[in-house]
Protein chains: 4
Amino acid sequence: MLKVGLLGAGRIAGVHAKAITSHPGSTLVAVSDYLPENAQKLAAEYGCATRSTDEIIADPAIDAVLIATSTDTHSDLIEAATAAGKAVLCEKPVDLSLARARACLDAVSGSGKPVMIGFNRRFDPNFGALKAALDAGEIGKAELLSITSYDPAPPPVTYIKVSGGIFRDMMIHDFDMVNFLMGDAPVTVSAIGTSIVDPEIGAAGDFDTAVVTLTYADGRIAVIKNSRRAVYGYDQRVELLGSEGLLQAQNMLENTVIKSTTAGVTGAKPTYFFLERYMPAYAAEWAAFVDAVNGDTALPVTLIDGVNALAMAEASTLSAHNSKPVALADVLA
Amino acid sequence: MLKVGLLGAGRIAGVHAKAITSHPGSTLVAVSDYLPENAQKLAAEYGCATRSTDEIIADPAIDAVLIATSTDTHSDLIEAATAAGKAVLCEKPVDLSLARARACLDAVSGSGKPVMIGFNRRFDPNFGALKAALDAGEIGKAELLSITSYDPAPPPVTYIKVSGGIFRDMMIHDFDMVNFLMGDAPVTVSAIGTSIVDPEIGAAGDFDTAVVTLTYADGRIAVIKNSRRAVYGYDQRVELLGSEGLLQAQNMLENTVIKSTTAGVTGAKPTYFFLERYMPAYAAEWAAFVDAVNGDTALPVTLIDGVNALAMAEASTLSAHNSKPVALADVLA
Amino acid sequence: MLKVGLLGAGRIAGVHAKAITSHPGSTLVAVSDYLPENAQKLAAEYGCATRSTDEIIADPAIDAVLIATSTDTHSDLIEAATAAGKAVLCEKPVDLSLARARACLDAVSGSGKPVMIGFNRRFDPNFGALKAALDAGEIGKAELLSITSYDPAPPPVTYIKVSGGIFRDMMIHDFDMVNFLMGDAPVTVSAIGTSIVDPEIGAAGDFDTAVVTLTYADGRIAVIKNSRRAVYGYDQRVELLGSEGLLQAQNMLENTVIKSTTAGVTGAKPTYFFLERYMPAYAAEWAAFVDAVNGDTALPVTLIDGVNALAMAEASTLSAHNSKPVALADVLA
Amino acid sequence: MLKVGLLGAGRIAGVHAKAITSHPGSTLVAVSDYLPENAQKLAAEYGCATRSTDEIIADPAIDAVLIATSTDTHSDLIEAATAAGKAVLCEKPVDLSLARARACLDAVSGSGKPVMIGFNRRFDPNFGALKAALDAGEIGKAELLSITSYDPAPPPVTYIKVSGGIFRDMMIHDFDMVNFLMGDAPVTVSAIGTSIVDPEIGAAGDFDTAVVTLTYADGRIAVIKNSRRAVYGYDQRVELLGSEGLLQAQNMLENTVIKSTTAGVTGAKPTYFFLERYMPAYAAEWAAFVDAVNGDTALPVTLIDGVNALAMAEASTLSAHNSKPVALADVLA
């Protein structure tokens, strides 16, 4: 039975608490948060103790920590928890600073402790089925990958200002999905951003709509489209053209009912947002982490994956602001 | 070049005139109608002569006639045209009277002249693809066939009164589709009818909504559903469960555009009615008739098919009015 | 906190144990089974005691029982549990004997204790959304209802022999769905059955493929199609034509991936069977039962609903064997 | 009755010949081709004369010419035909040289004679319905446009070498579609190309797979994806995200049949190539040209549209070869 400490007690921490407590091989020992009332509320709901973050990391009876605190604390906590001998599952992104994330990777790489980054979409059954079909050779060799990833509505501008920007905060998931599916790092990154959804997002120095194209050494191409607003719901699709066919992962829908009237033929909208769409993925992510910590399987997503996605975000940010392609090697130099 | 006389100049005659004149192997020589102005209008549009029905039948230069007159004249015209040595394509149904249709079949069966009944849906590319998949064994042995066939709106009650009833006028197409797909005649027919769309249709002694179930000697079952009103358009679907799978022929849609908004995900309606849905089928039907007359292929739908469908309509009418199953053999006795 | 005793420890009991233990307002106290090792296995998995059925019913500390034993014990257990003051959720069908089920209804109707029958499909989100759209008037007045309900593969013939037949064992769910959607009992029932899937099912006196048509006093019609075999998975669809449109509840699919190759455009199959398709419905069913027992809401499915569905099964059995429509009033006389 | 001369007798000329001869308001007078046997074959099929190109242009009895010759002759023939007082419908692209196309535009702009460029996709009913929904405000303001445009198989490398490259030969259609839908010219063009389908295409200096992103002065973005190979057929989709929703124009399919087996749920492929997909569009294009020549409507696509699309192709070619964005103004300077 894996004994788990949860660092952070916000919304995403609640998602993880549910996964931890529902899994037959893990138990939630304690939760911490910089706002004590948050920790107490979550502790009451899931029947665990509240402690300080330091106490959780110092407790030898705790096997693993799940880091769901604010991004600026991730690297420090990964290092501290690893040093204390704990397995780590950390929410994305590793850091807003690529340099800091790489330093963190250096610091922990000798520890031998598993550090997994929470790219939950790898565990979505639809994207998983697409990957399985690709790996089985069902469309031959991959050639052109397209990811459509739209949020239903933009976050507050106050959040935007501390988010690290659309590429580090939102598209980071898509960068990891690209890496997951392409199995290799891109050579160049070309990004275009605009703030057509909300001019205040532009005034805050960020974009709300962005397109990134990625090139690969072997000639493959990937395209990612992000928008902070799709009024019909969370739009999460992947499409991959290969030498022998096309794979598409479509949206999950709220239900399967279709209504035909004089106005047309209407079906349900996509599931609303990440909690609705990816709840099974969070559970599967946790199960994969438990299996890896138990030594049954390899770690499915590593800190290196977190650094790689962050490097693509950094390159995209540069590219979008300077209106020219950026070589990934340059941001990693 | 097949020289064709067209008997009748109403709406469906216009459809056939277009098919005849568009086909490279046939030419429209003359048209007749009991309303001379109708014949003149069609003749002007398609560049042919107007004549009386008798003249057309008597003209040795005319190779084939297409009968698109009112149903009560079909049997007489089939007999007359066949006796005059002409190939015949006659609109459905053969007759409102099964006895008269069978007499017509007896009368012409010795002639050796091709008599085809206009069950145009056999030539719809969707139903044709379903049949081809069935014949190729793609779902194993057929077990349970379902036909959904709804008109967008009921005809005037004045038409209902002379139509012969929903089974002879509307479901006749579905009876033939069942025979086309099942390749055998049913043993029993059980029909239920109601006039829930328009009570005046019930007052006229007919139904506007009906369900017929058919049983076969080898244990197969078929179900046909008809409604005179589907406000979203012409609903024409076939679904066949087999030992190794299911085949479904879906509706044709007006276009492929999908709109996602806060109100849902909306696509186009089915093509509105038979002119929109089945225009390619009418052209293919005519091409098949020309090929058969030229001796290149067997006649794809025969007068016997017309009689069989009519027998099922007669059995259904009896069954619905008496609330009990009817053996097809009894109406053919 | 509702304290629950579970009677029976087979496969469906496991589904309910999961729902009971996952619900924040209920706890599983004890389980019984005529095979002690079954009870022990389930008790170990869900952390409860094992007891005899009599002990569970006699225990005043237990508030409710969930009856998931073999069908022939349902009526007796409903009566005993109700007499002992317990709320009851009983699996379908109430009984194989309509007379016994009606006697049970008489016996418990004065008790004031809630008795709910486990028609889980009412709690499926897709059928629920269809019902909500109907109730909201989105397709006007209902006219013609169609239910397609196919199992992926037939059960063993040994099961068939004790099942009560396809109408009582399998179509009972569809009868309840019809009642749920139509909101009224039918007047007549016409059933056709065949054993085209497996002749041994026919040799055992049952059917494996059946079609039932139902008529209503106000002219509506319903059609139910059942097959014991759909090799592509559990096919569970509902389609309702109304005066202002059509509603269709489609299948849930295993995933949303679509593959386009030279062989065609292929998507995932329907979820395989009732455990995959209806797991959320079982959880929602249990939640609704807890709410009703707590007095927050009316009981959503009652013992009367169980009796009504059983009456339709009895009428269908008669109709199929005698090849004629049966008035529902006659089986209830 | 518009009297038409057809310049060129290749495959696409045959498509136009069919449209011209099927239209009630136009007649095909003569056809020319540099290969006399081609012209004779087409003339025989459509019942017209064969003449030299010069004779057709010089004949005062001919009202309009349709230019379907090789691209390098387009500008000269547009100028000659316009000077001879004829209305012109010219196949895309106007020219491989942007400078030559602009000179042609200058030369003919004073003539007052209608010159339409054959961007047939504007007349596709699906893209037309998408445009109509956009213009009706159904998704609010356009923000992010995506075009997927894949050919089923690459042309021979011999063709590639004289084609002007993927941007001028293939993506030219998509540039016009972007202009049609966005209603404005882009500010910058960023192109990426690769030859992953066939290295010989790369050896010939061209790409077989390309992605272009376009920015607009008001913050909108467009993305175009091209591949010379989609083994499942001609993939022609448009998707437009707006402030109040998403519009998608999906592919046309060969038929509507769906097959469900143990292998999955399979539907038909997209219609194979442009002849199958766009035949109705070619007919509608011709009808729109006839209407415009008759003065009933404005010319729906002009020579300026042809020059604009060509400028975007030129900018894309530069961008892809130099790996940096190109301002459209720079290629038009």
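Everything numeric here is computed off the predicted structure, so don't read it as measured data.

**Digging into the interface of chain A and chain C**
Phase 1: Each partner contributes to the interface: chain A provides 22 residues, whereas chain C provides 22 residues.
Phase 2: The contact between chain A and chain C buries some 1,700 Å² in all, and 53% of this surface belongs to carbon and sulfur atoms.
Phase 3: At the boundary of chain A with chain C, the tally comes to 2 salt bridges.
Phase 4: Taking the shortest distance from any N to any O, the salt bridge between Lys259(C) and Glu138(A) comes out at 2.6 Å.
Phase 5: Our count for the contact surface shared by chain A and chain C stands at 10 residue pairs in polar contact (both at pLDDT 80 or more).
Phase 6: Only α6 (125-135), β12 (245-249) and β13 (257-261) of chain A provide two or more residues apiece to the side of chain A that touches chain C.
Phase 7: Taken together, the residues that form the side of chain A that touches chain C break down as 10 nonpolar, 9 polar and 3 charged.

**Observations regarding the packing of aromatic side chains**
Any pair of aromatic rings gets described here by the distance separating the centres and the angle formed by the planes.
Phase 1: Overall, the coordinates contain 24 aromatic pairs over all chains when judged by the stated rule.
Phase 2: A ring pair is formed by Tyr234(A) and Tyr278(A), whose centres lie 5.8 Å apart and whose planes are at 85 degrees; its orientation type is edge-to-face. In this pair, Tyr234(A) is assigned in the loop between β10 (221-227) and β11 (235-242) and Tyr278(A) in helix α11 (residues 274-293), connecting sequence segments 44 residues apart.
Phase 3: What makes Tyr234(A) buried here is its relative accessible area of 4%.
Phase 4: Geometry around Phe180(C) places Lys131(C) over its ring, the cationic atom sitting 5.1 Å from the centre.

**Some details on the relation of the copies chain D and chain A**
Phase 1: It takes a turn of 180 degrees to lay chain D on chain A, together with a shift of 0.0 Å along the axis; the resulting RMSD is 0.0 Å. Between the two chains, the operation in question is that of a two-fold axis. Using C-alpha coordinates, one finds that chain D approaches the rotation axis most closely at Lys324(D), a distance of 2.8 Å.
Phase 2: Interface residue correspondence from chain D to chain A reaches 100%, placing this contact among same-surface, isologous pairings.

**Some thoughts on the interface of chain D and chain A**
Phase 1: Counting from both sides, the interface comprises 40 residues of chain D and, opposite them, 40 residues of chain A.
Phase 2: Taken over both partners, the interface formed by chain D and chain A buries close to 2,900 Å², and the fraction arising from carbon and sulfur atoms is 66%.
Phase 3: For the interface between chain D and chain A, the tally reads 5 salt bridges.
Phase 4: Arg229(A) is paired through a salt bridge with Glu143(D); the nearest N and O atoms lie 2.5 Å apart.
Phase 5: For the side of chain D that touches chain A, the secondary structure elements donating two or more residues are β7 (142-150), β8 (188-194), β9 (209-215), β10 (221-227), β11 (235-242) and β12 (245-249) of chain D.
Phase 6: When residues in the side of chain D that touches chain A are grouped by element, the largest group, 6 residues, is from β7(D).
Phase 7: For the side of chain D that touches chain A, the per-class residue count stands at 15 nonpolar, 14 polar and 11 charged.

**What about the pattern of salt bridges?**
Phase 1: Evaluation of the coordinates by the stated rule reveals 67 salt bridges over all chains.
Phase 2: Note that Asp169(D) is salt-bridged to Arg228(D), the shortest N-O span being 3.0 Å. With a gap of 59 residues between them, Asp169(D) in helix α8 (residues 166-169) and Arg228(D) in the loop between β10 and β11 connect regions that are remote in the sequence. Judged on exposure class, the residue Asp169(D) and its partner Arg228(D) are both buried.
Phase 3: Note that Asp218(D) and Arg220(D) form a salt bridge whose closest N and O atoms lie 3.0 Å from each other.
Phase 4: A network of salt bridges, in which partner residues are shared, links Glu239(A), Lys225(D), Asp235(D) and Arg237(D).

**Description of the packing of helix α4 (residues 74-83) of chain B against helix α5 (residues 98-109) of chain B**
Residues and elements named next belong to chain B.
Phase 1: In the contact formed by α4 and α5, the axes pass within 9 Å of each other and the chain directions differ by 5 degrees. Between α4 and α5, the angle is such that the two are roughly parallel. Each of Ser-75, Asp-76, Ile-78, Glu-79 and Thr-82 in α4 lies in contact with α5, whose residues at this interface are Arg-100, Ala-101, Ala-103, Cys-104, Ala-107 and Val-108.

**Focus: the packing of helix α5 (residues 98-109) of chain C against helix α12 (residues 303-322) of chain C**
All names here are of chain C.
Phase 1: It is the contact of α5 with α12, at a shortest axis distance of 10 Å, that shows an interaxial angle of 165 degrees. For the element pair α5 / α12, the angle class is roughly antiparallel. Crossing geometry of α5 relative to α12 is assigned as left-handed. Here α5 contributes Leu-98, Ala-101, Arg-102, Cys-104, Leu-105 and Val-108 to the contact with α12, which in turn contributes Leu-303, Ile-304, Val-307, Leu-310, Ala-311 and Glu-314.
Phase 2: By residue class, the composition of the contact of α5 with α12 is 10 nonpolar, no polar and 2 charged.

**Considering the side chain of Ser146(D)**
Phase 1: On the secondary structure map, Ser146(D) appears in strand β7.
Phase 2: Within the structure, the side chain of Ser146(D) is placed 2.4 Å from the side chain of Lys225(A), a separation counted as a polar contact.
Phase 3: Contacts of Ser146(D), omitting those with residues within four sequence positions, involve Lys225(A), Val223(D), Arg237(D), Val238(D) and Glu239(D).

**What about the UniProt feature "domain: GFO/IDH/MocA-like oxidoreductase" (unreviewed entry) in chain A?**
Phase 1: UniProt marks residues 129-247 of chain A with the feature "domain: GFO/IDH/MocA-like oxidoreductase" (unreviewed entry), using the numbering shown here.
Phase 2: The span residues 129-247 of chain A carries 29% helix and 34% strand; its end-to-end C-alpha distance comes to 10 Å.

**Some remarks on the domain arrangement of chain A**
Residues and elements named next belong to chain A.
Phase 1: For chain A, the domain assignment lists domain 1 (2-113) and domain 2 (122-277).
Phase 2: On a C-alpha basis, the centroid separation for the pair domain 1 and domain 2 is 28 Å.
Phase 3: Contacts between domain 1 and domain 2 engage 6 residues on the former and 9 residues on the latter.
Phase 4: Interface area, domain 1 with domain 2, both sides summed: about 630 Å², of which 69% is carbon and sulfur.
Phase 5: Contact with domain 2 buries surface across domain 1, with Arg-11, Lys-92 and Leu-96 losing the most and accounting together for 74% of the total.
Phase 6: Linking domain 1 with domain 2 are 0 salt bridges.
Phase 7: Taken together, the connections running from domain 1 to domain 2 amount to 2 residue pairs in polar contact (both at pLDDT 80 or more).
Phase 8: Partitioned by chemical class, the residues of the side of domain 1 that touches domain 2 number 4 nonpolar, no polar and 2 charged.

**Overview of helix α2 (residues 36-46) of chain C**
All names here are of chain C.
Phase 1: Among all positions in α2, only Ala-39, Leu-42 and Ala-43 are buried. Seen from one end, α2 has its buried residues packed into an arc of 105 degrees, which puts them on one side. Of the residues in α2, the exposed ones pointing more than 90 degrees away from the buried face are Lys-41, Ala-44 and Glu-45.
Phase 2: Buried positions along α2 lie against β1 (2-7), α1 (11-22), β2 (26-32) and β3 (49-50).
Phase 3: Two residues or fewer after α2 comes Gly-47, characterised by a positive phi angle close to 65 degrees.

Reading the values: the criteria
Residues numbered from 1 in each chain as written. Chains lettered and ligands numbered in written order. Predicted model: local features only at pLDDT ≥ 70, side-chain atom pairs only at ≥ 80, totals over all residues. Heavy atoms only, no water. Contact = heavy atoms within 4.5 Å. Buried area = accessible area lost by both parts, 1.4 Å probe. Salt bridge = Lys/Arg side-chain N within 4 Å of Asp/Glu carboxyl O. Polar contact = N/O pair within 3.5 Å; in protein donor to acceptor, adjacent residues only side chain to side chain. Helix = DSSP H or I, 4+ residues; strand = E, 2+ residues; numbered from the N terminus. Nonpolar A, V, L, I, M, F, W, Y, C, P; charged D, E, K, R; others polar. Phe/Tyr/Trp six-rings, centres within 6.5 Å; stacked < 30°, edge-to-face > 60°. Buried < 20%, exposed > 50% of the residue type's maximum accessible area, 1.4 Å probe, protein only. Lys NZ or Arg CZ within 6 Å of the ring centre and 35° of its normal. Least-squares fit on C-alpha atoms with pLDDT ≥ 70 in both. Axes fitted to C-alpha atoms, helices over the stretch in contact; angles between N-to-C directions. Parallel < 35°, antiparallel > 145°, perpendicular 65-115°, else oblique. Left-handed = near helix turned anticlockwise from the far one by under 90°. UniProt positions renumbered as here; feature names shortened; annotations may be inferred. Domains from an automatic or database assignment. Arc of directions from axis to C-beta.

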